[in-house]
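Chain residues, written in single-letter form:
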Amino acid sequence: MAGSGFSFGRGDGGQPKSARTPLQRLLYWGAVLAVWGVIFLVVFFAVFARDLPDTSALYDIDRQPSITYLDRNGALIAVRGSQMAPPADLDALPDYVPAAFIAIEDRRFYHHPGFDPIGMTRAVAANMRAGRVVQGGSTLTQQLAKNLFLSPDQNLKRKMQELMLAVWLEMKFSKEEILALYLNRVYFGAGAYGIEAASQRYFDKGAKDLTVGEAALLAGLLKAPSRYSPVSESERAAARATVVLNEMVDAGVISPEQRAQAVTEPVRVSRTLASQHAQYFVDWLDKQIRELVGEPTEDMIVETTLDLTLQTSAERAVRRILDRDRSKGVQQAALVALDGEGRVRAMIGGASYADSQFNRAVDAQRQAGSAWKPFVYLTALESGYTPETRVNDAPVRIGNWSPRNYSGAFAGEMSLANAVAQSTNTVAAAMADQIGRDNVARTARRLGITSRIGLEPAMALGAVEVSPIDMAQAYDAFANGGKRVRAYGISRIRTPQGRVIYQRASRESGPVQAISNPYLYYQNQMLRGVMTSGTGRSAAIAGRDTAGKTGTTSDYKDAWFVGYTGGFVTAVWVGKDDNTPMRGVTGGSSPAAIWKAFMEAALPRLNAPAIPNGPAMPEGWQPPSPVENLIGSIGDLFGDNPPADEGVDPLDEPRPEPEQPRREPAPARDEVPVLRPTQPQPEPAPPPEKKADALFF
């Protein structure tokens, strides 16, 4: 039909529209893409760049103040918090040090603009094949951007910001400057930021002195500092360092000969870091520091009472006996050594700090067993008894409870000194009941026991939960002349510039006379007898004036030895964390062996004197005949302790088992053995014991 229909391809004049040339089409679509590109960039920056961090903070360091712990001689124990060191000069480092990081972290570092499309594609493909993240695609520059400016969150926005900041860093700095920034700011674990701090922390040397193997180990740490720590994960760290060495050979950084030499040369980690047991001591001080000076706002140096040489001796003694007695179920141990002023010289909080940071020396509460009995006997001495008072080892019933001796037999009449040496349960239980268990509790409190003390009859035999540090500070009064002390570990806190923040005053919680004479004299004589002819014979050290007490709980769940010489006391506990029984382990076996091994190493260094007599005796007092001679003439009344030369540890007694009480009427009071003080027959008095000089450390 005329005049009907649609017309295509014509202009207003009805003429056909000419087609675009290829150049015109290219320009047209280029303009379209440019417009959309601008729109995309505007949206991109609006979304991802809106809250980018302030890059002016590039040179600022946001970190927690560091706390450096020194032993009493100024040796480094540990550094807690962030440790920063002066920046390492890249030009002063051996070529293989920065090359190790490039080889393992970013092989194409010198050839990309901040991000590596090839590396990212390779990482995506590897992760897709594995079905999980097995390879990262971040460049060294991206890692620096993340460390400097961003949080560790894993999300798209943070990744895009990381790319943007990496490009900005590449535009602003040279490759060498970026590498130097990276090496001086990256975290190496153990509180060390930067390669100089890491080199000092792990190897006790500057970064310019690093060997090929040490450089490889530090480069391998960056993947996961805690997982590849050479302290707690030495085998894993060594395997990772080997991977780095292989990459260095592939990259041409080192020759195969250099790699072979690096593998054969052992990398030795700093003794300070390897000495993990000292970390229990540092943990103990950490809370105290905040109580003394508040939350740290600047770097601090804490001068402590610890002696690293003694600490090392304690670690060796504990490790050796734990390994020796593992078959007996000995899994954990704790040790606390104090001098006569209460200063902590060594502390072991467990078998391995890397495996468990729970401090058994301070925080564990375990039953003391017969190591508690000295508090019973000191109370008895102060009530009128003497070491030569005759007591009766016979069946005892206190209410529904009837304690038993380890031997299952009763020896009849004996001296109080012999009852202490042989750790006779019936005598201790009856005596505590007669003199008053509340009085025994007051004595223990007076000497330094801080935990709860129940007043049930079994308390007399050690059914009281205590910590090793409490036992050490309580026994310290026997070792230092009768003065109560409070265990402490901080002498002074100062800044690196020398400004003193805290100084322990000489009168602060100073010793207070807690035991008078002749009671201290008697107590020390009886506890010496434990070492010469009692349950602690295996711990005796020839030529040394020592005293102490064993302790073993029922079913061998806990075993103790607390012993001392002049001005120095050490408490040792062994057992299991789950409170299950060991196999026949007593206070006279594993704990005594640890105590003896440690004290034999420590005493020559301490030059400790004999156990001091303490305060002056009452006017007119005359010492009795030597208790050791009396005990030696009596011998082993039970017959269950082997002679000392047989090399068998004497058995200590377990505590009673209250879970099977006898439900019988309570006997009349006079059925309980009556323990009456009797004065010994007058004998010629030996010359007074010479007072030992005060012990100074």
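Residues numbered from 1 in each chain as written. Predicted model: local features only at pLDDT ≥ 70, side-chain atom pairs only at ≥ 80, totals over all residues. Heavy atoms only, no water.

A. Quick peek at the sheet that holds strand β16 (residues 547-552). Read across the sheet, five strands follow the order β7-β6-β18-β17-β16 without closing on themselves; strand pairing throughout is antiparallel. Since the sheet does not close on itself, it has two edges, and those belong to β7 (344-348) and β16, each with one partner. Adjacent strand axes in the sheet meet at a mean angle of 5°, parallel and antiparallel pairs treated alike. Here β16 pairs with strand β17 (residues 558-565) via six bridges, running antiparallel. Paired with T552 across the bridge in β17 is A559. (Pairing = 2+ DSSP bridges. Helix = DSSP H or I, 4+ residues; strand = E, 2+ residues; numbered from the N terminus. Axes fitted to C-alpha atoms, helices over the stretch in contact; angles between N-to-C directions.)

B. The arrangement of the pattern of salt bridges in detail. Per the counting criterion, the structure on display carries 22 salt bridges. A salt bridge links E298 to R499; its shortest N-O distance comes to 2.3 Å. Taken together, the residues E298 in the loop between α12 (278-293) and β5 (300-304) and R499 in the loop between β13 (490-494) and β14 (500-503) connect sequence positions 201 residues apart. Taking the relative accessible area as the measure of exposure, E298 reaches 31% and is therefore partly exposed. With a shortest N-O distance of 3.1 Å, R319 and D323 are connected by a salt bridge. Placement of the pair is R319 and D323 together in helix α13 (residues 308-324), with a separation of four residues, close to one helical turn. (Salt bridge = Lys/Arg side-chain N within 4 Å of Asp/Glu carboxyl O. Buried < 20%, exposed > 50% of the residue type's maximum accessible area, 1.4 Å probe, protein only.)

C. Quick look at the packing of helix α9 (residues 234-250) against helix α10 (residues 256-264). For the pair α9 and α10, the least separation of the axes is 9 Å and the interaxial angle reads 165°. As judged from the angle between their axes, α9 and α10 are roughly antiparallel. The hand of the α9/α10 crossing is right-handed. Here α9 contributes T242, L245, N246 and V249 to the contact with α10, which in turn contributes P256, R259, A262 and V263. Tallied by class, the residues present in the contact of α9 with α10 amount to five nonpolar, two polar and one charged. (Parallel < 35°, antiparallel > 145°, perpendicular 65-115°, else oblique. Left-handed = near helix turned anticlockwise from the far one by under 90°. Contact = heavy atoms within 4.5 Å. Nonpolar A, V, L, I, M, F, W, Y, C, P; charged D, E, K, R; others polar.)

D. Region of interest: the layout of surface pockets. A volume near 590 Å³ is recorded for the second largest pocket. Within the residue set of the lining of the second largest pocket, elements represented by two or more residues are α12 and α18 (468-479). It is α12 that contributes the most residues to the lining of the second largest pocket, five residues altogether. (1 Å grid on protein atoms, 1.4 Å probe; cavity = no way out; pocket = protein on both sides within 12 Å on 5 of 7 lines; lining within 4 Å. Points joined across faces, edges and corners; volume = space filled by probe spheres on them.)

E. Fine view of the packing of aromatic side chains. Taken as a whole and assessed by the stated rule, the structure comprises 14 aromatic pairs. An angle of 85° between the planes, with centres 6.4 Å apart, marks the rings of W168 and F173 as edge-to-face. When its relative accessible area of 26% is taken as the criterion, W168 is described as partly exposed. With a relative accessible area of 11%, F173 lands in the buried category. A cation sits over an aromatic face here: K175 above F109, 4.7 Å from the ring centre. (Phe/Tyr/Trp six-rings, centres within 6.5 Å; stacked < 30°, edge-to-face > 60°. Lys NZ or Arg CZ within 6 Å of the ring centre and 35° of its normal.)

F. Spotlight on the sheet that holds β5. Strand order in this open sheet of five strands is β2-β1-β5-β13-β14, and the pairing throughout is mixed. The strands lining the two open edges of the sheet, one partner per strand, are β2 (76-80) and β14. Within this sheet the neighbouring strands show an average axis-to-axis angle of 15°, counted without direction. Pairing between strand β1 (residues 67-70) and β5: four bridges, direction parallel. If you follow Y69 over to β5, its bridge partner there is V302.

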